[in-house]
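The residues making up each chain are set out below.
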Amino acid sequence: MIGQHDSVGGAHFAFTDRWGGVSAVPYEELNLGGAVGDDPGSVTTNRRLAAESLGLDPGRVVWMNQVHGRDVAVVDGPWAPGENVPAVDGVVTARRGLALAVLTADCTPVLLADPVAGVVGAAHAGRPGMVAGVVPAAVKAMIDLGADPSRITARTGPAVCGRCYEVPVAMRDEVAAVVPEAHAETSWGTPAVDVTAGVHAQLDALGVRDRRSSEVCTLESRDHYSYRRDRTTGRLAGYVWLDG
Ligand SMILES: [Zn+2]
């Protein structure tokens, strides 16, 4: 259910694993993604189960319509039923008690919080989003709401690791030209990209020093969803919120 959960100064950071939900094969069990072909009723039930296990009201969780871009939305409540959810890969809020969620299966989920300012953010950083700068854009949006990078705590969750994320050499070169720290090599000696390392370098450059990353590689862990490994599969979620 909840693979990792920690709190700093009233800010909470949680990441799910794939177990404890009601979805059937191949989405078993706790698929939280609504756009991967799973039964919508199962996803709704799973979102409720995950929220309840975190002490959250499932109706007070903001989900994104993620598109591998760099746009960030400022929100102060969940989308209304039937509302056209904007295509963004980052979301920030200054509303205490409102949870922000990010969906992934190999991409790097990024959770951010400045508990003093009362501002939190979540971002979806795959390779394209990391290169496009969605994480710096989310930090910038938090600063606009009063956050200070020196007070921001950052958590990155389960993601495909740099030893597993093989890419063509030209792609690695393109990524490294923008974010050199993402340059990597697979455990079998071919070109790779380390998105999580790139994200942490971007955060460090902005002055976000209180950072931690998950030890989990989604592609190597059968307890987590991996798009690269399974193609048709579910989505994990990361949640960030402040005590209400
Ligand atoms: Zn790995």
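Predicted model, so just to flag it, every value in this text is computed and none were measured. (Residues numbered from 1 in each chain as written. Predicted model: local features only at pLDDT ≥ 70, side-chain atom pairs only at ≥ 80, totals over all residues. Heavy atoms only, no water.)

Colleague: Is there a simple way to explain the overall build of the protein chain in this structure?
Modeller: Across its full length, the protein chain holds six helices and 13 strands. In terms of overall dimensions, the protein chain has C-alpha extents of about 45 × 45 × 30 Å along its principal axes. Put simply, the protein chain has 244 residues, and 52% of those count as buried. As displayed, the protein chain has an accessible area near 10,000 Å², and 50% of this comes from carbon and sulfur atoms. With 21 positive and 29 negative side-chain charges, the protein chain shows a separation of 2 Å between the mean positions of the two kinds. (Helix = DSSP H or I, 4+ residues; strand = E, 2+ residues; numbered from the N terminus. Buried < 20%, exposed > 50% of the residue type's maximum accessible area, 1.4 Å probe, protein only. Areas by Shrake-Rupley, 256 points an atom, 1.4 Å probe, with all protein chains shown as cover. Lys, Arg positive; Asp, Glu negative; His and termini not counted. Charge placed at Lys NZ, Arg CZ, Asp CG, Glu CD.)

Colleague: How should the sheet that holds strand β7 (residues 108-114) be read in this particular structure?
Modeller: Spatially, six strands are ordered β4-β5-β8-β7-β9-β12 in an open sheet, and the strand pairing comes out mixed. The open sheet terminates on both sides in strands that have one partner only, identified here as β4 (72-74) and β12 (210-213). With strand direction ignored, the average angle separating the axes of adjacent strands in the sheet is 15°. Relative to strand β8 (residues 119-125), β7 runs antiparallel, the two sharing seven bridges. Residue Leu111 lies in a different strand from β8, and its bridge partner there is Ala122. (Pairing = 2+ DSSP bridges. Axes fitted to C-alpha atoms, helices over the stretch in contact; angles between N-to-C directions.)

Colleague: Any chance you could explain the coordination of the zinc ion here in plain terms?
Modeller: Octahedral metals with six donors have ideal donor angles of 90 or 180 degrees. Tetrahedral metals with four donors have an ideal donor angle of 109.5 degrees. For the zinc ion, the full set of protein donor atoms is Cys161 (SG), Cys164 (SG), Cys217 (SG) and Glu220 (OE), at a range of 1.9 to 2.3 Å. Geometry at the zinc ion is tetrahedral, judged from the four donor atoms that bind it and their angles of 99 to 117° at the metal. (Donors = N, O, S within 2.8 Å, 3.2 Å for Na, K, Ca; no water. Tetrahedral: all angles 85-135°; square planar, octahedral: opposite > 155°, others 65-115°.)

Colleague: I tried to follow the nonpolar core on my own but got confused; where do I start?
Modeller: Proteins that are soluble and globular tend to have nonpolar side chains buried together. Leu112, Met130, Val135, Val193, Val199 and Leu203 are the most contacted members of the largest nonpolar core, which has 30 residues in total. Looking at this core element by element, the count peaks at six residues for helix α3 (residues 134-144). Counting residues in each nonpolar core, the second largest holds 18 residues, with Phe15, Val75, Leu100 and Leu111 among its members. (Core = buried A, V, L, I, M, F, W, Y, C linked by side-chain atoms within 4.5 Å.)

Colleague: So what exactly am I meant to see when it comes to the pairing of strand β6 (residues 99-104) here?
Modeller: For a regular strand, side chains alternate in direction, first toward one face of the sheet and then toward the other. Burial of β6 is extensive: six of the six residues sit out of reach of the surface. Side chains Ala99, Ala101 and Leu103 of β6 all project onto a buried face; the interleaved residues Leu100, Val102 and Thr104 project onto the opposite face, where all are buried too. Bridge analysis of strand β3 (residues 61-62) against β6 gives two bridges, and the strand direction is parallel. What sits directly across from Val62, in β6, is Leu100.

Colleague: It is not clear to me how the pairing of β8 should be interpreted in this structure. Could you clarify?
Modeller: Within β8, seven of the seven residues are buried, which leaves it mostly tucked inside the rest of the structure. Burial of the side chains of β8 extends over both faces: Val119, Gly121, Ala123 and Ala125 are buried on one face and Val120, Ala122 and His124 on the other. Relative to β8, strand β5 (residues 90-93) runs antiparallel, the two sharing four bridges. Its bridge partner being in β8, Thr93 is matched across the sheet by Val120. Hairpin remark: β7 followed by β8, antiparallel, with four residues in the connecting loop; positive phi at Gly118, about 75°.

Colleague: What is the right way to read the packing of α3 against helix α5 (residues 195-205) from this model?
Modeller: Helix-helix packing is described using two parameters, namely the angle between the two axes and the distance between the axes. In the contact formed by α3 and α5, the axes pass within 9 Å of each other and the chain directions differ by 35°. Crossing geometry of α3 relative to α5 is assigned as right-handed. For the pair formed by α3 and α5, the contact residues are Val135, Pro136 and Val139 on the first element and Val199, Gln202 and Leu203 on the second. Residue classes in the contact of α3 with α5 are distributed as five nonpolar, one polar and no charged. (Left-handed = near helix turned anticlockwise from the far one by under 90°. Contact = heavy atoms within 4.5 Å. Nonpolar A, V, L, I, M, F, W, Y, C, P; charged D, E, K, R; others polar.)

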